[in-house]
Amino acid sequence: MNIYVLMKRTFDTEEKISISGGRINEDGAEFIINPYDEYAIEEAIQVRDAEGGEVTVVSVGSEEAEKQLRTALAMGADKAVLINIEDDIEDGDQFTTAKILAEYLKDKEADLIIGGNVAIDGGSGQVGPRVADQLGIPYVTTITKLEINGETVTVTRDVEGDSEVIETSLPVLVTAQQGLNEPRYPSLPGIMKAKKKPLDELELDDLDLEEDDVEAKTKTIEIYLPPKKEAGKVLQGDLSDQIKELVNLLHTEAKVI
Amino acid sequence: MARKVLTLGEVRDGALRNVSFETIGAAKIAAEGGEVVSVLIGNDVKSLGAELIQYGADRVVVVEDEKLVQYTPDGYSQALMTVIDGEKPEGLIFGHTALGKDLAPKIASKLQSGLISDATSVEEAGGNLVFTRPIYSGKAFEKKIVTDGLVFATIRPNNIAPLAKDESRSGEVSSLQADIKDLRTVIKEVVRKASEGVDLSEAKVVIAGGRGVKSEDGFEPLKELASVLGGAVGASRGACDAEYCDYSLQIGQTGKVVTPDLYIACGISGAIQHLAGMSNSKVIVAINKDPEANIFKVADYGIVGDLFEVVPMLTEEFRKLKVHS
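Residues numbered from 1 in each chain as written. Chains lettered and ligands numbered in written order. Predicted model: local features only at pLDDT ≥ 70, side-chain atom pairs only at ≥ 80, totals over all residues. Heavy atoms only, no water.

**Re the overall build of chain A**
- For chain A, the helix and strand inventory stands at six helices and 15 strands.
- Over its C-alpha atoms, taken along the principal directions, chain A stretches across nearly 70 × 45 × 40 Å.
- Counting over 257 residues, chain A shows a buried share of 52%.
- For chain A, the proportion of contacts with a sequence separation of at least 24, taken over those separated by at least 6, is 70%.
- Accessible area of chain A: about 11800 Å², with a carbon and sulfur share of 43%. (Helix = DSSP H or I, 4+ residues; strand = E, 2+ residues; numbered from the N terminus. Buried < 20%, exposed > 50% of the residue type's maximum accessible area, 1.4 Å probe, protein only. Contact = heavy atoms within 4.5 Å. Areas by Shrake-Rupley, 256 points an atom, 1.4 Å probe, with all protein chains shown as cover.)

**Comments concerning the pattern of salt bridges**
- If you walk through the whole model with that rule in mind, you get 42 salt bridges over all chains.
- Across the pair Asp133(A) and Lys110(B) runs a salt bridge whose closest N-O atoms are separated by 2.7 Å. With Asp133(A) in helix α4 (residues 127–135) and Lys110(B) in helix α4 (residues 98–110), this residue pair bridges two chains.
- Take Lys110(B): its relative accessible area is 39%, and that puts it in the partly exposed class.
- The salt bridge partner of Lys282(B) is Asp261(B), with a shortest N-O separation of 3.0 Å. Of the two residues, Lys282(B) is situated in the loop between α7 (272–278) and β17 (283–288) and Asp261(B) in the loop between α6 (237–241) and β16 (262–266); the sequence distance between them amounts to 21 residues.
- By relative accessible area, Lys282(B) is classed as partly exposed at 47%. (Salt bridge = Lys/Arg side-chain N within 4 Å of Asp/Glu carboxyl O.)

**Overview of the nonpolar core**
- Within the largest apolar cluster, 51 residues are counted, with the highest numbers of intra-cluster contacts made by Ile83(A), Ile100(A), Leu80(B), Phe94(B), Leu103(B) and Ile107(B).
- Sorting elements by how many residues they give to this core places helix α3 (residues 73–87) of chain B first, with six residues.
- By size, the runner-up hydrophobic cluster in this structure holds 40 residues, among which are Val47(A), Ala72(A), Ala74(A) and Met75(A). (Core = buried A, V, L, I, M, F, W, Y, C linked by side-chain atoms within 4.5 Å.)

**Overview of the UniProt feature "domain: Electron transfer flavoprotein alpha/beta-subunit N-terminal" (unreviewed entry) in chain A**
- Feature annotation in UniProt assigns "domain: Electron transfer flavoprotein alpha/beta-subunit N-terminal" (unreviewed entry) to the following positions: residues 21–211 of chain A.
- Strand forms 31% of residues 21–211 of chain A and helix 29%; the C-alpha atoms that close the span are 25 Å apart. (UniProt positions renumbered as here; feature names shortened; annotations may be inferred.)

**What to know about the side chain of Thr185(B)**
- Following the sequence through the fold, Thr185(B) ends up in the loop between β12 (172–176) and β13 (186–191).
- Ignoring anything within four residues of it in the chain, the contact list for Thr185(B) reads Pro138(A), Tyr139(A), Val140(A), Ile166(A), Glu167(A), Thr168(A), Thr72(B), Pro73(B) and Asp74(B).

**Looking at the packing of aromatic side chains**
- Evaluation of the coordinates by the stated rule reveals eight aromatic pairs over all chains.
- A ring pair is formed by Tyr224(A) and Phe141(B), whose centres lie 5.7 Å apart and whose planes are at 20 degrees; its orientation type is stacked. Here Phe141(B) lies in strand β10 (residues 140–146) and Tyr224(A) lies in strand β14 (residues 218–224), a pairing that spans two chains.
- Ring centres 3.8 Å apart and planes at 15 degrees place the aromatic pair Phe21(B) and Tyr55(B) in the stacked group. Note that Phe21(B) is positioned in helix α1 (residues 18–31) and Tyr55(B) in the loop between α2 (49–54) and β5 (59–64), a separation of 34 residues in sequence. Grouping residues by exposure puts Phe21(B) and Tyr55(B) together as buried.
- Following the ring pairs from residue to residue traces out a cluster consisting of Phe11(A), Phe31(A) and Tyr136(B). (Phe/Tyr/Trp six-rings, centres within 6.5 Å; stacked < 30°, edge-to-face > 60°.)

This is the structure in structure tokens:
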């Protein structure tokens, strides 16, 4: 089985967020594998271990993503590919990323492509379905279970809390939802082995793409932090008075009831 | 610049979801005076078209087929692309729902267009249509514009107001035949776990329980309060992990994102992952025994106390208010 994982290096959103020069301040921030992509990597490894084959983890980004790709290799992926767009593209969007990935994947004869259902930084969740559409293969998003039986693939999809059992066939692209598995931590031997595993680096030229081909269709014109919320009012006094006061406040001050 | 904008109506259990009307509200802004056409896809859904007109759509185009009873990306994209080929819109607005999130990127790919996902507002500013959307799990916002191609966005439910319903409005509801074939994903079974009644992601009032609820039964007082306020019950991941309730109720970074008018957090400490799912609610009330709980930092009003004491009293007080008003 020829398995590809789409991985994004993301800002750890548990970090404090600040803005400088109109952008999110990344100085000293922690960067991680997008948590949903960790599920994707884990699932890919499990499928490979059961079915045989190879797992290649692909990331579109800058040289800095090498660290997260090495982590994926240490978890057990076989190969990693960094498509480094740092010098070519200043502000890409989901159209950009999907087009690059699709261009890379088009002749790879992937049986299974797995990504996270959304990245926790940008939060768009577009890249997976876009890539599948461009490759002409079916997709299922937000999956919590994956079973492969020959060419038949049965997945459980999370749909706003309900679940759907969906049957499809290889090749297919799926995106991972929390609950799909428990991603492993890289082991020490895994980390040692990862150093020797191939990590290829490509640029747009290698994919026969021009900057114009992948130029973003949307643009961010401003990034800002939500207005600081004033400390709320913790009610005081006798509990029954607090209850009366709260209902009154919700009714007359906040006017939500 | 006036443009023609298509919206996608969403049907659940035989009725239009509220987000269908919100997409029309957003489309009216995006159309800048142009025509707003709502699309309804399914089987036996044409009768719902009139309501979309009452909420402001100028026309409704219905695509019906037995293969469209359930949503599949292939079926719906074939139906929608047939409409798009005929209508040639300059804008598209869907809800940022399970369906919209799944379908919109595929349509954007087919149209080779951009897509602004999960917008919480849209306005005309300085000659541009500006969409605002939360990023970094709701800890920051960005304003985005389309620089090339059509204006395409999905909107987060409960954020963009629908227009007032006008029952005197009328408009054309037409049917379009689409050739639906080769569905590559087949739904074998649907397991309903989400609570009956009020849809959590569209609820105006959400009563959420955390670890402090202590047991499955501990959710009962919350359910009662929700029913008095016509709201929905949600939960923190902690409560789901402890098996007090189903994961379908989970609110947070990995669960649902909700923005009700009123969010009452009961026995929820306020972990950052939970805040990502609810911090943009209009009014937040926190009930927690621990005065140091993080949830009080985002709450508008707080009561330090035992939820099992506070919630029933609150239910009683709201009941009185409802009787008097």
